[in-house]
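Per-entry structural report
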Amino acid sequence: MQMDKKINVLIIGAGKGGKALIELFHKEPWLNICGIVDTNDDAPGIKLAKELGLPTGKDFSPFLKISGLNTVIEVTGNPEVEKSLSKMLPPGVELLKGASAKLIWTMIEEREKEIAELSNDRKAILNILEDVEEANKQLKETQAKLIQSDKMAAIGQLAGGIAHEINNPMGVILGFAQSVMKRIDQNNPLYLPLSSIEREALRCKTLVQNLLVFSRSSGTGKTSMEINQAVEETLLLVEHQAKMRNVVITKKYAPDLPMIFANRNQIQQVIMNLANNALDVMPDGGTITITTTLTIPSPLEGEENLSTVALAKVEGEGKFVEIRVEDTGAGIPEEVKHKIFEPFFTTKEPGKGTGLGLSLCYEIMQKHNGTIDFESEKGKGTTFTIKLPIIEEFTEKEKKKVLVVDDDRAIINLAIAFLKKFPEKYQFTSATDGFRAGQAVLEFNPDLMILDLLLPGIDGFQVCRNIRSNEKTKGIKILAITGYDSPENREKIFTAGANDYLSKPFEIEELGKRISKLLAE
Amino acid sequence: MKKILVVDDEQGIRDLFKFLLEPNGFEVFTANDGLEGIEMVKKDTFDIIFLDVHMPRMRGPEALKIIKQLRPTQVVVIFSSSSDPAFTFENKAKELGAYTCLYKPVDINEIFTIIEKSTVYQRGKD
Ligand SMILES: Nc1ncnc2c1ncn2[C@@H]1O[C@H](COP(=O)(O)OP(=O)(O)OP(=O)(O)O)[C@@H](O)[C@H]1O
Ligand SMILES: [Mg+2]
């Protein structure tokens, strides 16, 4: 035992206080713990002392005899102990008890508080680290998405560039094969090779068309459409295949879904791809469940139950239509989950899959401001979910139809350029003379007509009169355009039946104002 | 006999139209680009004109514009080889007066359907 230190201390009481004292003292170079005493063998301080190799005991009297001992700290708080201690204390040995011990207690408590605060700080730091990690993860995801959309854009660009070069020869190959087939009958030995040429040429055609979906320019052709009907039509195409493979298709359509504004072909292509993938993963039969639902997102509905490959965000907080395609196949293995949306990624045999299906779905959903996501459990199956936002104003019914009539193309182009800016508001068509205008009125049934008055053949005044005299067309709003603004002319215009007029040249903003004013009336 | 003009810089396409339509009782004329096509329209009349979009010297849309000036009621079918059903392309073609738009590779049955429909359409006009 080292007795060369300044303070040689005996601790009596090995509860929480005694233990804290040991912790506090045992590293101090100027302090030596001569012993620690407690009647309870299991007291925490005793345990710690044993671990540290310090002398322990149940009775303090032998410890009081240790030479060099100069301090005894009593922390049992037991008056009996205190009493007998005071009697036995050798001369020159200090006893810290009561007030002095309290001081030590306070010291210990302060230290504990400090430690607690420190660990709070630590927690805060850990939280920050977690945030950083989360941000990092998101950054990586975004990066992955960017890389993916870069890849897709590159494919689109490439496809756009070579489409012309492929489609021409393909047109010749397909065309000759088909026209020879038309001339021979099906028993002809040449029929089989020709129909093979036809089939493979059509396959190339589909491939090129699919690749072109990635080119940014083909995001148009949206109309308002009925989801359930589109799904139903698509399923008709896979039903035969499903039957052959012993796969049951269960449909759960939500009634009264609102119309969505989308490219019908492309949406059907998405459903088709998902259904085909589901079929492929159930070679020995199973069930495909197709569900459509209307979803109004609640702010609490998080993404935690979605897969880690979170995709294109649904823009805005609005309602959306959800289509789920669920299979009972083998599931998607963990190690390929992050790859399935990549163009050309496939686990199918060469010739069986191009690996474009899901990347096309992704691209198409992105073009619709929608999302595609999946959940998959090994051995149980996979569910793909697509969400399409409902843009309420985009219903065809609410769109106003505008017919532009002018023999001057420049004026038509100007008007159309304006109308095009509001695809959600206007539908339009044009005509260049009075006769065609009459036809267009009957076929297109416009709400508003922008009508030049000086037209070759039947002039604008006559067109006005014809429209007003026909019961069916009477209600059409007419905005006349005239090159000559004079009081007489104005009178003539209104007598013929126009609702408003605009004299050339006019500003496009002015045209817009008049159009919305007339349509609002 | 119905007269058909095919304007395309691709020999394969011109040959195809001949092979396809001549045995069916059509007279098929061909031109290698927009300029040649216009020259032929100036000299002769055709029931239908098939017009490619991408051609050297003069492209389809420009040729279409001039053809329509020469013969306002001419039926012109324009076909694009970029197989990108861009709305703007169709709108533009219709604006210029095209009867309809096709995309290469064209299914030949579509060609027959269009020829049939457009004759009905023209009869209605006369
Ligand atoms: N429902 C599913 N269950 C299990 N794995 C799937 C499912 N859908 C897709 N996968 C996996 O994702 C891969 C990519 O699918 P994707 O549709 O993009 O291409 P593909 O089906 O292989 O080929 P393609 O669709 O061009 O014919 C598949 O090869 C398969 O491994
Ligand atoms: Mg697939």
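Since the structure is predicted, the reported quantities are computational estimates derived from the model, not experimental observations.

Before going further, it helps to spend a moment on the overall build of chain B. Along chain B, the regular secondary structure elements total five helices and five strands. When the helices and strands of chain B are read in sequence order from the N terminus, they spell out β-α-β-α-β-α-β-α-β-α. Taking as baseline every contact in chain B between residues at least 6 positions apart, the subset at least 24 positions apart corresponds to 61%. Surface exposure of chain B reaches about 5700 Å², of which carbon and sulfur atoms provide 51%.

Let's shift gears to the site of ligand 1. All names here are of chain A. If you check the shell around ligand 1, you find 18 residues, and the closest are Asp-327, Thr-346, Thr-347, Lys-348 and Thr-354. Between ligand 1 and the protein, one listed contact pairs an oxygen atom with a side-chain N or O atom of Thr-354 at 2.4 Å. Isolated, ligand 1 exposes 600 Å² of accessible area, and the fraction of that covered by the protein chains is 90%. When residues of the shell around ligand 1 are traced back to their parent elements, those giving at least two are helix H9 (357-367) and strand S12 (381-389). Of the residues contributing to the shell around ligand 1, the split by class is seven nonpolar, nine polar and two charged.

Here we take up the nonpolar core. Residues and elements named next belong to chain A. Formed by 52 residues in total, the largest nonpolar core has its most connected members in Ile-227, Leu-274, Ile-288, Ile-372 and Phe-384. Of the residues forming this core, the biggest block, seven residues, is contributed by helix H8 (residues 264-280). Taken together, domain 2 (156-214) and domain 3 (223-389) each give at least three residues to this core, which thus spans both. Beyond its immediate chain neighbours, meaning those up to four positions away, Ile-288 contacts Val-247, Val-248, Ile-249, Thr-250, Ala-275, Ala-278, Leu-279, Met-282, Val-325 and Glu-326.

With 26 residues of chain B at the interface, the matching set in chain A holds 29 residues. For the pair chain B and chain A, the number of links is zero salt bridges. Where chain B meets chain A, there are seven residue pairs in polar contact (both at pLDDT 80 or more). Sorting the residues of the side of chain B that touches chain A by element identifies helix H1 (11-21), helix H4 (87-95) and helix H5 (108-125) of chain B as the ones contributing at least two each. Ranked by residues supplied to the side of chain B that touches chain A, first place goes to H1(B) with six residues. Of the residues contributing to the side of chain B that touches chain A, the split by class is twelve nonpolar, seven polar and seven charged.

All names here are of chain A. Here we have five strands laid out as an open sheet, ordered S7-S9-S10-S12-S11, and mixed in their pairing. Edge positions in the open sheet fall to strand S7 (247-252) and strand S11 (371-377), since each of these has one partner strand only. For this sheet the average axis-to-axis angle between neighbouring strands, irrespective of direction, equals 15°. Across seven bridges, the pairing between strand S10 (residues 320-326) and S12 is antiparallel. Bridge assignment links Val-325 to a residue of S12, and that residue is Phe-384. Along the sheet, helix H7 (residues 227-244) contacts S7, strand S9 (286-295), S10 and S12; its crossing angle with S7, the most-contacted strand, is approximately 170°.

Analysis parameters
Residues numbered from 1 in each chain as written. Chains lettered and ligands numbered in written order. Predicted model: local features only at pLDDT ≥ 70, side-chain atom pairs only at ≥ 80, totals over all residues. Heavy atoms only, no water. Helix = DSSP H or I, 4+ residues; strand = E, 2+ residues; numbered from the N terminus. Contact = heavy atoms within 4.5 Å. Areas by Shrake-Rupley, 256 points an atom, 1.4 Å probe, with all protein chains shown as cover. Near = heavy atom within 4 Å. Polar contact = N/O pair within 3.5 Å; in protein donor to acceptor, adjacent residues only side chain to side chain. Nonpolar A, V, L, I, M, F, W, Y, C, P; charged D, E, K, R; others polar. Core = buried A, V, L, I, M, F, W, Y, C linked by side-chain atoms within 4.5 Å. Buried < 20%, exposed > 50% of the residue type's maximum accessible area, 1.4 Å probe, protein only. Domains from an automatic or database assignment. Salt bridge = Lys/Arg side-chain N within 4 Å of Asp/Glu carboxyl O. Pairing = 2+ DSSP bridges. Axes fitted to C-alpha atoms, helices over the stretch in contact; angles between N-to-C directions.

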